[in-house]
Each structure stands twice: as structure tokens, then as C-alpha cells.
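Chain and residue survey
So you can see what is in the structure, the chains are spelled out below.
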Amino acid sequence: MNDAASARAAHTRPTIALALGAGGARGLAHLVLLEAFDELGIKPAVIAGSSMGAVIGAAYAAGVSARQIRSHAERLLHDRAPVMAALVEARTGRLADLIARGNPLLIDGERFLDRLWPNILPERFEDLRLPFLAVATDYYGRTEAVFHAGPLLPAVAGSMAIPGLVKPVRHGGRLLVDGGAVNPLPFDHLIGRASLLVAVDVTGGPSPHPTRAPGGFATMFGALQIMQGAIVEAKLKLYRPEIVVRPAVDHFRVLDFLQARAILAAAEPAKEALKREIERHLEHGTPSRNARGE
């Protein structure tokens, strides 16, 4: 291929927009799917993340490789002691409040992210290596709040502020809670921003236990999963990205972070399938939506 042909091929090479969804501990599977991009030598043109997808998406957009983030997560989540230490350090409120008033002991998301993230992330969206959008929920506005500029930490902490577990975040004149409440798979913010749209869905759903009914916390988080899954399915009926990836992590619970290695292993087949799909699109080009019958 001569230089002119090479230049034309590079110019017509599809660009990729990537949406990473909400899912609590199941969102660790995003790390494996991001490895597909690194192994193919491709960087997304833009990333959008909600809840755990925002936590991981921001780190990747900062220029940290998927393998580095994965190694960091595996070290942090290898045993209970460092996780509990981080949670205790990041807690808000007092035990007396829990006993006397019934107020929950919430996690301060900004403090927890300081422990969870690799320590090289920038302070602002503008200093990330890749364009990145974090989707949270404006609690009083009853709508989503999308951030792509300004301070990074409060936007992502707001996106991951699971009600009843993580303290809401005041940022930009709004009170932010979990982005998964309104937009658990934010691919709609990427439509038209690249020639190929990839969405990674880890919403999942509660899995039945053979002998016992779920407790209070499990029921609450299971209901949240059902709600998020319903939102995603409704969105996909209106517009379906060229590639939708669903790693086999449904049987993990929202708070199964100590099963990080099992979650990562369960996502490996989805990584290989994603690589094949991306290579197919790169080789043959992305068909028009009319050609796909949509």
C-alpha cells in the first residue's frame, strides 16, 4: 500500500465511542473489556460512564492502561482488611447516630475514591487524556446531570453515590446521587460522536438463592438492578449501538467487590468476543443503520 492509500485508510478507519454502565461490583468487568482496546492498540474517541462505569472510565480516560487499573483493583480487593480500612476511613456520621436516630453510616464517595483510584488521576476533566462524560442523577432536579468539564472527583463520586450506601455529593449547585438511577448505560450521550458505538452493559439482575429469600439490603439492591435493567431495555428499543456487550456477571451481587478476581475471570470470554466484533467492523466498515434494518 502506498503512502496515499495508507493515509486514506487511516482517515476512513472507524472511530469508537464507548459507554460503560452501572452495576456495582459487576462493573469491575469493565476492566477486562477495556483490555480489548489496549490489546488491539485502539483508543476510544470518547467515553461515557455511569456509576461504576464512571469510576473506571475516568481512570482509563486519564491514560492509565486497563492492565494497570486491573492490577491496582486486584491488589486493593485481594482481602477484606484493606477494603474495610478504606471504608472505615471514608465513613460519615457516628455510630451513636445509627443507634439513636436510625441514620445510616454512609460512605463519603470522594474520600473513598481517593483510596480506590490509582493516585495519578488529574483533578479536572480538561486534563484527562481522552474526552470523558460522567453521568449522575440530580436528586432535586429529578433528572440526569452530565459532566464533561470542571472538577473530576465530585462528579464521579456523585455518579457512584448509591442511595443508602454512599453519601450524596453537592456539586455545581446540585445534590448528586447514583447515575444508574436515571441512565445506567449512557450510550445516548455518544450518538453521532463516532462511527462505531460500543456499550458495555453490566446491570444484570438478582439471582435466586436455592434455600433462602433475600434480606433487606439484598432486596433493595436487587430492586435497583431490576429498575436499571428495565431502563436499559427501554433505551435499546429506541436506539441500539453497533456493539452491545454483556459479560456473564449477572450472578454477582452489587457489593461483591471481594470477588473481584472471579468477576474479572467471568468477563474474559466477553473480551474475546468484543475484540472479534471490533476487528470485524474495522475490516469491513460500520454498516449504515438502514442496512442493519433499524
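So, here's what we can say about the structure. Being a predicted model, the structure only gives us computed values, none of them experimental. Per chain, residues are indexed from 1 in the order of the written sequence. Local features are withheld for residues below a pLDDT of 70 in this predicted model, meaning they are given only at 70 or higher, and side-chain atom pairs are given and counted only at 80 or more; totals for whole chains, interfaces and linings count all residues. To obtain the side-chain values, all non-hydrogen atoms of the structure were included, while hydrogens and water were left out.

1. Observations concerning the side chain of Gln 228
We count it as follows: A run of H or I in DSSP becomes a helix once it reaches four residues, and a run of E becomes a strand once it reaches two; helices and strands are each numbered from the N terminus. Each residue is assigned to one of three classes by its accessible area relative to the maximum for its type, calculated with a 1.4 Å probe on protein chains only: buried under 20%, partly exposed between the two thresholds, exposed over 50%. Here a residue-residue contact requires only that any non-hydrogen atoms of the pair lie within 4.5 Å.
Of note, Gln 228 is situated in helix α9 (residues 216-238). Taking relative accessible area as the criterion, Gln 228 reaches 4% and is therefore assigned buried. Setting aside chain neighbours within four positions, we find Gln 228 in contact with Ala 22, Asp 178, Gly 180, Ala 181, Pro 184 and Thr 203.

2. Focus: the packing of aromatic side chains
Using the following cut-off: Think of it this way: a Phe, Tyr or Trp ring, Trp meaning its six-membered ring, pairs with another when their centres are within 6.5 Å, and the plane angle makes it stacked under 30 degrees, edge-to-face over 60, tilted otherwise. Whether a charge sits over a ring comes down to the Lys NZ or Arg CZ being within 6 Å of the ring centre and within 35 degrees of the ring normal.
Following the criterion strictly, the structure yields 2 aromatic pairs and no others. Ring centres of Phe 125 and Phe 132 lie 5.9 Å apart, and the angle between their planes is 15°; this geometry places the pair in the stacked category. Take Phe 125: its relative accessible area is 5%, and that puts it in the buried class. An angle of 75° between the planes, with centres 5.1 Å apart, marks the rings of Tyr 139 and Tyr 140 as edge-to-face. On the basis of relative accessibility, which here comes to 60%, the residue Tyr 140 falls in the exposed class. In this arrangement the basic side chain of Lys 235 is found over the ring face of Phe 187, its NZ or CZ atom lying 4.5 Å from the centre.

3. Remarks on the pairing of strand β4 (residues 143-147)
Which entries qualify depends on this criterion: A pair of strands counts as paired when DSSP detects no fewer than two bridges linking them.
With 5 bridges connecting them, strand β3 (residues 132-138) and β4 associate as antiparallel partners. Counted as the bridge partner of Val 135 is Val 146 from β4. Hairpin connection between β3 and β4: a loop of 4 residues separates the two successive antiparallel strands, and Arg 142 in this loop has a positive phi of roughly 55°.

4. A look at the pairing of strand β6 (residues 174-177)
The sheet contact formed by β3 and β6 spans 2 bridges and is antiparallel. Paired with Thr 137 across the strands is Val 177, a residue of β6. Across 3 bridges, strand β5 (residues 169-171) lies against β6 in antiparallel orientation. Directly across from Arg 170, in β6, lies its bridge partner Leu 175.

5. Thoughts on the pattern of salt bridges
To keep it simple, the criterion reads: Put simply, a salt bridge is a Lys or Arg side-chain nitrogen that is within 4 Å of an Asp or Glu carboxyl oxygen.
According to the stated counting rule, one finds 17 salt bridges in the structure shown. A salt bridge links Lys 275 to Glu 39; the shortest N-O distance between them is 2.7 Å. Residue Lys 275 is found in helix α10 (residues 260-284), and its partner Glu 39 is found in helix α2 (residues 29-40); the two are separated by 236 residues along the sequence. When the shortest N-O distance is used, the salt bridge between Lys 275 and Glu 272 registers 4.0 Å. Placement of the pair is Lys 275 and Glu 272 together in helix α10, with a separation of 3 residues, close to one helical turn. Exposure remark for Lys 275: the relative accessible area of 16% places this residue in the buried category.

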